[in-house]
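# Summary of the model geometry
Now for the letters of each chain:
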Amino acid sequence: MERRNFLRASVIASVASLAVDAVRVSEARAAVKPLTPPTLSEADVAARLHKLRTRNQRACPPTKEVMTALQRIPNSVLLYDLDQVEQNYLTFLEAEPGVEVFYAVKCAPNPRILQRLAAAGSGFDIASRAELDLALATGVVPTKCIFSNTVKPVADIRYAFDHGVKSYVADSRHEVEKLAKHAPGTNLYVRISVDSKFASHPLGDKFGTTPEHAKELLLLGRKLGLKPYGTHFHVGTQCLYPQAWETPTAQAASIFRDMKKHGIDLQFFDIGGGYPTAFASSPNPPSVKQILDTVKTVLDRELPGQNVRLAVEPGRGIAGSSGTVSARVMLRADRASGEWLHLDAGIYQGLFDAVDHYVYEIATPGRSGAPVPFTLCGPTCDSFDTISKNQKLPGDLQEGDLLIFENAAAYSESCNTTFNGMPSPAVHYLDELLPI
Ligand SMILES: Cc1ncc(COP(=O)(O)O)c(C=O)c1O
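Residues numbered from 1 in each chain as written. Predicted model: local features only at pLDDT ≥ 70, side-chain atom pairs only at ≥ 80, totals over all residues. Heavy atoms only, no water.

Another aspect to go through is the overall build of the protein chain. A tally of helices and strands in the protein chain yields 13 helices and 16 strands. The dimensions of the protein chain, computed from C-alpha atoms along their principal axes, are 70 × 65 × 45 Å. Long-range contacts, defined as pairs at least 24 residues apart, comprise 71% of the intrachain contacts of the protein chain with a sequence gap of at least 6. Accessible area of the protein chain: about 19400 Å², with a carbon and sulfur share of 55%. Taking the 45 positively charged and 47 negatively charged side chains of the protein chain as two groups, their mean positions are separated by 5 Å. (Helix = DSSP H or I, 4+ residues; strand = E, 2+ residues; numbered from the N terminus. Contact = heavy atoms within 4.5 Å. Areas by Shrake-Rupley, 256 points an atom, 1.4 Å probe, with all protein chains shown as cover. Lys, Arg positive; Asp, Glu negative; His and termini not counted. Charge placed at Lys NZ, Arg CZ, Asp CG, Glu CD.)

In structure tokens, the structure reads:
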């Protein structure tokens, strides 16, 4: 086919498929029943948490029955435990009653996770039109979706606006102007950057601005017809130090104080994500309560007597410990650098946290030999696909054995690929794997 005709044909095909998608989405939306979020008292939260915490089966650490069930599946599995999702969500409400939770959809954009969270009362932090569609498919009201990506295509802003999303973040002048034009009259919150001193995965260079500039953006927003609404920051995912929240909380509080001098009462105090889960490399991370207590202490000092709407955007803090990835040993190889285990899942199949050198806790059902150091790697032709080095595992591990990577559900489904034609892990849920 001539190049011009080929291009024309592919444009027609992609427009047609977008149109089909749009029809599918609007049909799906028409079928969605709007949710009435529950009103949970502190006693309700405590009772529900007690039930969830004392349940018999869980994915992390995997119970004997879970290990046996996973053994029966020949291929790699991403196993979600939806009870753990709800437990993690409620842990935020237990730590700070009244906190507003917006689950960061990017972390595990799985419809059943979103459904479970929406039914429990969670809102959603969305970064794109596709994530908004996923959130709205739960029946959640659009006002419980916040658009927390500082750089949004105009088409996505318009889409969110048309679908009733009311709150949008910005960290630059041009983004504020885009919002004023394409989402007129909506709530504007501004993102400040965070020093990467405490971060295991810094975000402060790419996102956020200084408190001074953030104030200018809020004033610009007001001038352009937006509602100055609040502040936002993110300390970086898997943050192991509660004190990382101190400085940005104090800076955001100073924005609240200074805006008052301009007759602006900000409400929305969004302290982002970053709540860590346990890895072999950080087995005792701080709890959500320790982190929220740190934030509250700073808030009480900096904004005494002022009622702010404290908001969190946990991704990992909700999804991380709600799932495992299981992988088979394809080859045990004795190399010049030591013993290697080549697995049928690796960085490209959802063990993405290895990129940041987090070392997973691993269960090895049926094997308990004296530990020896292994290098673990995935199945692809890329040497980057190395999961860990010198990880001590039972010395009697053999080809065909199962390794279960714990707390592996964050950024797994969203970051896996089919690189080299290798399949992604099959998604399973504890309640269908193991009817309880
Ligand atoms: C704006 C925003 N909010 C929340 C999150 C979730 O972060 P975490 O998974 O560390 O909780 C992210 C992750 O990158 C983010 O960019």
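Turning to the domain arrangement of the protein chain, a few remarks are in order. Interface size is commonly expressed as the accessible surface area that is lost when the partners come together. Partitioning the protein chain into domains gives domain 1 (9–54 + 83–316) and domain 2 (321–433). One C-alpha centre belongs to domain 1, the other to domain 2, and the line joining them spans 31 Å. The interface of domain 1 with domain 2 comprises 19 residues on the first partner and 19 residues on the second. A combined buried area of about 1700 Å² lies between domain 1 and domain 2, and 50% of that area is made up of carbon and sulfur atoms. In terms of surface lost to domain 2, no three residues of domain 1 exceed R112, F279 and R316, which account for 30% of the buried area on that side. The tally of links between domain 1 and domain 2 comes to two salt bridges. Ionic pairing is found between D431 and R112, a salt bridge with its closest N-O pair at 2.7 Å. (Domains from an automatic or database assignment. Buried area = accessible area lost by both parts, 1.4 Å probe. Salt bridge = Lys/Arg side-chain N within 4 Å of Asp/Glu carboxyl O.)

Moving on, we come to the sheet that holds strand β2 (residues 100–104). One closed barrel holds the eight strands; their spatial order is β2-β3-β4-β5-β6-β7-β8-β9, and the pairing between them is parallel. Neighbouring strand axes in the sheet, compared pairwise and without regard to direction, differ in orientation by 30 degrees on average. Two elements, strand β7 (residues 227–232) and strand β8 (residues 268–270), share three bridges in a ladder whose sense is parallel. Paired with H232 across the bridge in β8 is D270. Where helix α10 (residues 246–260) meets the sheet, its contacts fall on β7 and β8, and the angle it forms with β8 comes to roughly 165 degrees. (Pairing = 2+ DSSP bridges. Axes fitted to C-alpha atoms, helices over the stretch in contact; angles between N-to-C directions.)

Assignment of secondary structure puts T324 in strand β10 (residues 323–335). For T324, a relative accessible area of 0% translates into the label buried. (Buried < 20%, exposed > 50% of the residue type's maximum accessible area, 1.4 Å probe, protein only.)

Here the focus is the site of the ligand. Around the ligand lies a shell of 15 residues, among which H234, T237, E313, R316 and Y411 are the nearest. Contact between the ligand and G274: an oxygen atom at 3.0 Å from a main-chain N or O atom of the residue. Contact distances for the ligand include 2.6 Å between a nitrogen atom and a side-chain N or O atom of E313. Here the ligand loses 91% of its free accessible area of 390 Å² to cover by the protein chains. Grouping the amino acids of the shell around the ligand by side-chain chemistry returns three nonpolar, seven polar and five charged. (Near = heavy atom within 4 Å. Polar contact = N/O pair within 3.5 Å; in protein donor to acceptor, adjacent residues only side chain to side chain. Nonpolar A, V, L, I, M, F, W, Y, C, P; charged D, E, K, R; others polar.)

As a further point, take the packing of aromatic side chains. Tallied over the full model, the rule gives 13 aromatic pairs. Taking the centre distance of 5.5 Å and the plane angle of 25 degrees together, the rings of W245 and Y275 count as stacked. Placement of the pair is W245 in the loop between β7 and α10 and Y275 in the loop between β8 and α11 (288–302), with a sequence separation of 30 residues. W245 sits in the buried class, given a relative accessible area of 0%. Judged by its relative accessible area of 1%, Y275 falls in the buried class. Arranged with centres 4.6 Å apart and planes meeting at 45 degrees, the rings of Y348 and F419 form a pair that is tilted. With Y348 in the loop between β11 (338–343) and β12 (362–363) and F419 in the loop between β15 (402–405) and β16 (426–429), this pair connects stretches of sequence that are 71 residues apart. With relative accessibility at 17%, the residue Y348 sits in the buried group. (Phe/Tyr/Trp six-rings, centres within 6.5 Å; stacked < 30°, edge-to-face > 60°.)

Moving on, we get to the environment of I291. Along the chain, I291 turns up in helix α11. Judged by relative accessible area, which is 0%, I291 ranks as buried. Discounting chain neighbours no more than four positions away, the residues touching I291 are P242, W245, Y275, P276 and P286.

Glancing now at unusual backbone geometry. Following C60, the chain continues into P61 via a peptide bond in cis, with omega recorded as -15 degrees. By secondary structure assignment, the location of P61 is in the loop between α2 (42–53) and α3 (64–71). Phi is positive for H357, close to 65 degrees, though the residue is something other than glycine. Considering the arrangement of structural elements, one finds H357 in the loop between β11 and β12. Looking at H357, the relative accessible area reads 68%, which means it is exposed. Unlike most non-glycine residues, N407 shows phi in positive territory, near 50 degrees.

The next thing to look at is helix α7 (residues 154–162). For α7, the complete set of buried residues consists of D156, I157, Y159 and A160. Along α7, the residues classed as buried sweep out an arc of 165 degrees about the axis, all on the same side. Opposite the buried face of α7, at more than 90 degrees from it, the exposed residues are A155 and D162. Following α7 by one or two positions, G164 has its phi on the positive side, about 90 degrees. (Arc of directions from axis to C-beta.)

Looking now at the nonpolar core. Membership of the largest hydrophobic core comes to 100 residues, with the highest contact counts inside it found for Y103, F124, W245, I271, L376, L403 and F405. A total of seven residues in this core trace back to one element, the largest contributor, which is helix α4 (residues 82–95). Residue assignment places this core across two domains, with domain 1 (9–54 + 83–316) and domain 2 (321–433) each supplying three or more. Core analysis: the second largest hydrophobic core is formed by 13 residues, V66, V77, L402 and L434 among them. (Core = buried A, V, L, I, M, F, W, Y, C linked by side-chain atoms within 4.5 Å.)

Before going further, it helps to spend a moment on the state of the cysteines. Taken as a whole and assessed by the stated rule, the structure comprises zero disulfides. Just so you know, C60 is unpaired, no disulfide at all, and the nearest cysteine sulfur is the one on C107, 13 Å from it. (Disulfide = S-S within 2.5 Å.)

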